[in-house]
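Working through the structure, step by step
Here's the letter readout for the chains.
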Amino acid sequence: MGIFNTTLAKQSGYDLIDWNNLGFGNYFSDHIFISQYSNGRWDDGQIQPYEPMPIEPGNCTLHYGQTIFEGLKAFRAADGSVNVFRPEMNARRLNYSAKRVCIPEYNEFVFLDALQELIKIDNKFIPRERGQSLYIRPLVFGSGNFLGVHASDTYTLIIMTSPVASYYAAGLNPVKILVANEFVRAVRGGLGTAKTAANYAASLLAGTKAKEAGYSQVLWLDGVERKYIDEVGAMNIMFVIDGELVTPPLSQGSILAGITRDSVLQLAGSLGIKASERSISIDEVFATHAEGRLEEVFGTGTAAVISPVGVLHYNGETITINNNEIGPVAQKYYDTITGIQYGEISDGNDWNMKIKLNQPEILETK
Ligand SMILES: Cc1ncc(COP(=O)(O)O)c(C=O)c1O
């Protein structure tokens, strides 16, 4: 079975899965890939059962948060093969995040091989319904046991997978978003461009308050002037103003370089959409809405692909965008990107890593 030493799970969690109510992140496949770093090098890694891991109270990551992660998806294509969407981008971003928090880089080719082996072994966990997918979660953390703020000298890399539902039960439902005016998520020079746990910890209180107020997510402004739009907690953000797609530039220094964001920008030309990366203030968003020029707002991210924004609330003012309906630009992007992911539309950019399964029809989902 390739380069990895595999132990099969003693008991499968497969039978416990409610395929009609997968939700997001509720179920884990039977195996993980795990690799350890010590004495200045990563070991070969192995695939082993998903099971509890012993952890010491002195584990440095519990105290100081030296940890990074990724998120990507595998899709069952019409031809029975499996498509993993742009995994080399996640491998690269993992290493970008690693550098920012002093974690040693992981070989990107080994990462992609490990991913393939893991998906093959647990291929029965890849859902079959259009819209469902296998979410892949790579994670790296310091595994040293010590108190004191310094980088660990041992690390653990894990890749785990989770069958997930379509983000939208019925169609693309616009979300209500609260623009943060009390808290900030990240500042230029801080951790915002890395996919590290601290950014998500920073967002929890604002997210909880937003939910209590009836909003599903928070839109973050830049941490210095509190004026320019950064991104949503787990999505990048796009505006359509006078027919032009506008998204904040990565050079703002506090935004995650989303892979869906990159895909949207790359596809713009072939979809006949004019796109630009420029800073956009919250005042401009509200002003263009007042002038009737703000046509669409939508988020981009692996979980939902495209998430239309129907309502924005900022400092006591609420605006409704495009009658709280999905707009044509968001719909075109959703159809195109999901079409590529499920192998229904030609993958002209070679974005899918194709995995051929030996026995693609092992088990039916219920
Ligand atoms: C903070 C943040 N911004 C943006 C994104 C969207 O990135 P991607 O399109 O790579 O999923 C994510 C999700 O990973 C995120 O956590």
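Remember, predicted model here, so these are calculated numbers, not experimental data.

Our next topic: the overall build of the protein. From N to C terminus, the protein includes 7 helices and 19 strands. The C-alpha atoms of the protein give 21 Å as radius of gyration, which agrees with the globular expectation for 366 residues (21 Å, within 12%). Reported as C-alpha extents along the three principal axes, the dimensions of the protein are approximately 60 × 55 × 35 Å. A separation threshold of at least 6 residues defines the contact pool for the protein, and within that pool the share at least 24 residues apart is 73%. The distance from the centre of the 30 positive side-chain charges to the centre of the 40 negative ones in the protein is 1 Å.

Domain annotation for the protein reports domain 1 (5–168 + 346–355) and domain 2 (175–325). Measuring from the centre of the C-alpha atoms in domain 1 to the corresponding centre in domain 2 gives 27 Å. Both faces considered, domain 1 and domain 2 share a buried interface measuring about 1900 Å² in area, 59% of it formed by carbon and sulfur atoms. Among the residues of domain 1 in contact with domain 2, Phe-69, Arg-93 and Arg-100 are the three that bury the most area, contributing 29% of the side total. The tally of links between domain 1 and domain 2 comes to 1 salt bridge. Linking Asp-262 and Arg-86 is a salt bridge whose minimum nitrogen-to-oxygen distance equals 2.9 Å. For the pair domain 1 and domain 2, the number of links is 11 residue pairs in polar contact (both at pLDDT 80 or more). At 6 residues, helix α2 (residues 87–100) tops the list of elements feeding residues into the side of domain 1 that touches domain 2. Split by residue class, the side of domain 1 that touches domain 2 holds 12 nonpolar, 6 polar and 5 charged.

The subject of this paragraph is the confidence of the model for the protein. Per-residue confidence for the protein gives a mean pLDDT of 93; residues scoring 70 or more make up 94%. Note that residues 361–366 has pLDDT below 50 and, in this model, 14 contacts with residues that lie over four places away or in other chains.

The next thing to look at is the site of the ligand. Around the ligand sit 16 residues, and of these Tyr-200, Glu-231, Ile-259, Thr-260 and Thr-302 come closest. Residue Lys-195 places a side-chain N or O atom 2.8 Å away from an oxygen atom belonging to the ligand. The contact in question runs from an oxygen atom of the ligand to an N or O atom on the backbone of Ile-259, over 2.8 Å. Isolated, the ligand exposes 390 Å² of accessible area, and the fraction of that covered by the protein chains is 96%. Looking at the shell around the ligand, the elements with two or more residues in it are α5 (259–267) and β16 (294–301). When grouped by side-chain class, the residues that make up the shell around the ligand number 5 nonpolar, 7 polar and 4 charged.

Once that is clear, we can look at the nonpolar core. With 37 residues, the main nonpolar core has Val-84, Leu-115, Ile-119 and Ile-159 as its most contacted residues. Elements with a contribution of two residues or more to this core: β2 (31–38), β6 (72–76), β7 (82–85), α2, α3 (108–121), β8 (133–142), β9 (155–164) and β19 (352–355). Top contributing element to this core by residue count: α3, with 6 residues. By size, the runner-up hydrophobic cluster in this structure holds 24 residues, among which are Leu-172, Ile-306, Tyr-333 and Trp-351.

Attention now goes to a nonpolar patch on the surface. Where nonpolar side chains cluster on the molecular surface, the patch consists of Tyr-64, Leu-147 and Val-149 and spans about 350 Å² of accessible area. In this structure, Val-149 sits in the loop between β8 and β9.

Within β6, 5 of the 5 residues are buried, which leaves it mostly tucked inside the rest of the structure. Along β6, one buried face is formed by Leu-72, Ala-74 and Arg-76 and the opposite face, lined by Lys-73 and Phe-75, is buried too. Sheet topology places β6 next to β8; 3 bridges connect them, and they run antiparallel. Considered in β8, the bridge of Leu-72 is made with Ile-136. As paired elements, β6 and β7 share 3 bridges and run antiparallel to each other. Paired with Ala-74 across the bridge in β7 is Val-84. What sits between β6 and β7 in their antiparallel hairpin is a turn of 5 residues, with Gly-80 showing a positive phi close to 90 degrees.

Cut-offs used in this document
Residues numbered from 1 in each chain as written. Predicted model: local features only at pLDDT ≥ 70, side-chain atom pairs only at ≥ 80, totals over all residues. Heavy atoms only, no water. Helix = DSSP H or I, 4+ residues; strand = E, 2+ residues; numbered from the N terminus. Rg over C-alpha atoms; globule rule 2.2 N^0.38 Å. Contact = heavy atoms within 4.5 Å. Lys, Arg positive; Asp, Glu negative; His and termini not counted. Charge placed at Lys NZ, Arg CZ, Asp CG, Glu CD. Domains from an automatic or database assignment. Buried area = accessible area lost by both parts, 1.4 Å probe. Salt bridge = Lys/Arg side-chain N within 4 Å of Asp/Glu carboxyl O. Polar contact = N/O pair within 3.5 Å; in protein donor to acceptor, adjacent residues only side chain to side chain. Nonpolar A, V, L, I, M, F, W, Y, C, P; charged D, E, K, R; others polar. pLDDT = per-residue confidence, 0-100. Near = heavy atom within 4 Å. Areas by Shrake-Rupley, 256 points an atom, 1.4 Å probe, with all protein chains shown as cover. Core = buried A, V, L, I, M, F, W, Y, C linked by side-chain atoms within 4.5 Å. Buried < 20%, exposed > 50% of the residue type's maximum accessible area, 1.4 Å probe, protein only. Patch = residues over 30% accessible without salt bridge, like charges linked within 9 Å, V, L, I, M, F, W, Y side chains within 5 Å. Pairing = 2+ DSSP bridges.

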